[in-house]
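For reference, the chains in residue letters:
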Amino acid sequence: MPELENKQETKSKNIKNIVKSNKVEQEVIHNSKPKPRNDILISVVIPLLNEEESIPELTTLLVKELNILCGNRYEVIYIDDGSTDNSFYVINSIYEKNRRIKCIRFRRNYGKSAALSVGFGRVRGKYVITMDADLQDDPSEIKNLISKLEEGYDLVSGWKKVRYDPISKTLPSKLFNWVTSKAAGIKLHDFNCGLKGYRAEVVKSLNVYGEMHRYLPALANWMGFKVTEIVVLHHPRKFGKSKFGMSRFINGFLDLLTVLLTTKYFKRPLHFFGTIGGLTTFAGLTIATYLSIEWMLGLTYLSNRPLTLFAIGMIIVGVQFISMGLLGEMITKITNENNKKLYGIKEILK
Ligand code: UDP
Ligand code: MG
């Protein structure tokens, strides 16, 4: 009998073992479920045009900083915006050693906004940092941007309070920031700072083209995201020279108009064109009335007064502006009916 008992005991032990090992196996299977592929916390997007000298130093500083912040849960995406120097090859040699440093290379120079837009499409991190490649922005500021985002902001813009750029750039920039602040209805000191932090959902919702990169905080604000700014360190350019010439002012102004029209006045074009048209027509009519009274009193011959032409011109232009506004309203109405995705939705409880 003891022998039988022994046999039974060993049998039950075996069964237990099998169950146990099955459990282990199941656990192993369970644990070996492919981890969610995306474990990236911080994505850094860096547009660059001919910055071969800066890239190695910038990458070293960045990797050091990102390692401290999130171990290896980061990615750096360089966007080579049509460089004609060795920038791409420099990044390629870094990529060979560290696959977290990636690069997208454009066929030609499409501009900083295009580069950011493509970068934003690729990022996988929860937080997205953008910075310039010329070592003017300091990677040590990333932690401050992230901690501000963690406070609940959606976009944190850098403010180069102490700025190392020539006065030909800083002075117009002050004017630009003032005008944009007024137009955008959000007070920021430095809209165009390359160093910014975003929650991923912000960059996925922004539509960046033209030279719109200057207005990203304004666009995000209009979309209902929480925007703020922090003071950041700024350094003088170490290598090469600025890639934007005087054209920045003209293009920047035209893009402000686009931004205004596509956001603030997008749903009410008549308010924009109608106001300009109304004011112009009113001024034209006032001058015309004044001239008519003078003429009726026999004080003047209208053929002698160039002001007559001016008044007529203003009335015609004004009426045209109002018509443009009305056409805009019609287009908006059709677009609204075709596209319901015009409003940014944060959450839906179903
Ligand atoms: N840049 C770019 N494409 C361009 C012009 C500039 O990717 O067409 C990059 C440039 O290499 C740099 C950043 O945008 O990394 C900011 O440019 P820059 O330093 O010349 O601007 P600034 O500091 O003078 O405003
Ligand atoms: Mg720069």
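Below you will find a few notes about this structure. All of these numbers come straight from a predicted model, not from anything done at the bench.

Let us now look at the overall build of the chain. A tally of helices and strands in the chain yields 11 helices and seven strands. The buried share of the chain, reckoned over its 350 residues, is 32%. In the chain, 83% of the contacts between residues at least 6 apart in sequence involve partners at least 24 apart.

Looking now at the packing of helix H2 (residues 55–70) against helix H3 (residues 87–97). Relative orientation and spacing of two packed helices are given, respectively, by the angle between their axes and the distance between those axes. Across the interface, H2 lies against H3 with an axial gap of 10 Å and an inter-helix angle of 35°. The interaxial crossing formed by H2 with H3 has right-handed handedness. Residue-level inspection shows Ile55, Pro56 and Thr59 of H2 in contact with H3, the latter providing Ser87, Val90, Ile91 and Ile94. Taken together, the residues of the contact of H2 with H3 break down into five nonpolar, two polar and no charged.

A word on the pairing of strand S3 (residues 101–105). Where strand S2 (residues 74–80) and S3 come together, five bridges link them in parallel fashion. Each residue of the ladder has a partner; that of Tyr78, found in S3, is Cys103. As for the winding sense of the linkage, the β-α-β connection from S2 through H3 to S3 is right-handed.

A word on the nonpolar core. One broad rule of soluble globular proteins: the nonpolar side chains tend to lie buried together. By size, the foremost hydrophobic cluster in this structure holds 57 residues, and its most contacted members are Val45 and Ile46. Setting aside residues up to four positions removed in sequence, Val45 forms contacts with Ile77, Ile79, Leu116, Gly119, Phe120, Val123, Val128 and Thr130.

One way to put it is that helix H6 (residues 167–184) packs onto helix H9 (residues 247–264) with a least axis distance of 11 Å and a crossing angle of 5°. As the angle between them shows, H6 and H9 are arranged roughly parallel. Contact with H6, carried on its side by Pro172, Phe176, Val179, Thr180 and Ala183, involves Phe249, Gly252, Leu256 and Leu260 of H9 and no other residues of that element. Its residues assigned to classes, the contact of H6 with H9 shows seven nonpolar, two polar and no charged.

A word on the site of ligand 1. Lining the immediate surroundings of ligand 1 are 17 residues, of which Pro47, Asp81, Ala133, Ser242 and Lys243 lie closest. Secondary structure elements with two or more residues in the shell around ligand 1: strand S1 (42–48) and helix H4 (112–122). In terms of residue class, the shell around ligand 1 is made up of six nonpolar, five polar and six charged.

Moving on: the sheet that holds strand S6 (residues 196–199). Strand order in the open sheet formed by seven strands is S3-S2-S1-S4-S6-S5-S7, and the pairing between neighbours is mixed. Every interior strand has two partners, whereas the edge strands, S3 and strand S7 (227–231), have only one. Put simply, the sheet's adjacent strands are angled 20° from each other on average, direction ignored. As judged from the three bridges shared by strand S5 (residues 155–159) and S6, these two strands associate in the antiparallel manner. Residue pairing for S6: Leu155 is matched across the bridge by Tyr198. Contacts from H2 reach S1, S2 and S3 within the one sheet, and its direction differs from that of S1 by about 165°. On the sheet, H3 packs against S1, S2 and S3 and is oriented at approximately 150° with respect to S3.

What follows concerns the environment of Val208. Counting through the fold element by element, Val208 comes out in the loop between helix H7 (200–205) and helix H8 (216–222). Each C-alpha atom of the pair Val208 and Leu219 lies 9.4 Å from the other, and the pair is 11 residues apart in sequence. Apart from the residues lying within four places of it in its own chain, the contact partners of Val208 are Ser113, Leu116, Ser117, Phe120, His213 and Leu216.

Moving on, we come to helix H5 (residues 142–150). Taken together, the buried positions of H5 are Ile142, Leu145 and Leu149. Projection of H5 onto a plane perpendicular to its axis shows the buried side chains occupying an angular sector of 65°, all on one side. Of the exposed residues in H5, those oriented more than 90 degrees away from the buried face are Ser147 and Glu150. Looking at the packing, one finds that the buried side of H5 touches H2, strand S4 (127–130), S5, S6 and S7.

Analysis parameters
- Residues numbered from 1 in each chain as written.
- Chains lettered and ligands numbered in written order.
- Predicted model: local features only at pLDDT ≥ 70, side-chain atom pairs only at ≥ 80, totals over all residues.
- Helix = DSSP H or I, 4+ residues; strand = E, 2+ residues; numbered from the N terminus.
- Buried ≥ 20, exposed ≤ 12 C-beta atoms within 10 Å, placed from the backbone.
- Contact = placed C-beta atoms within 7 Å.
- Axes fitted to C-alpha atoms, helices over the stretch in contact; angles between N-to-C directions.
- Left-handed = near helix turned anticlockwise from the far one by under 90°.
- Nonpolar A, V, L, I, M, F, W, Y, C, P; charged D, E, K, R; others polar.
- Pairing = 2+ DSSP bridges.
- Right-handed = clockwise from strand over helix to strand, strands pointing away.
- Core = buried A, V, L, I, M, F, W, Y, C linked by C-beta atoms within 7 Å.
- Parallel < 35°, antiparallel > 145°, perpendicular 65-115°, else oblique.
- Near = placed C-beta within 6 Å.
- Arc of directions from axis to C-beta.

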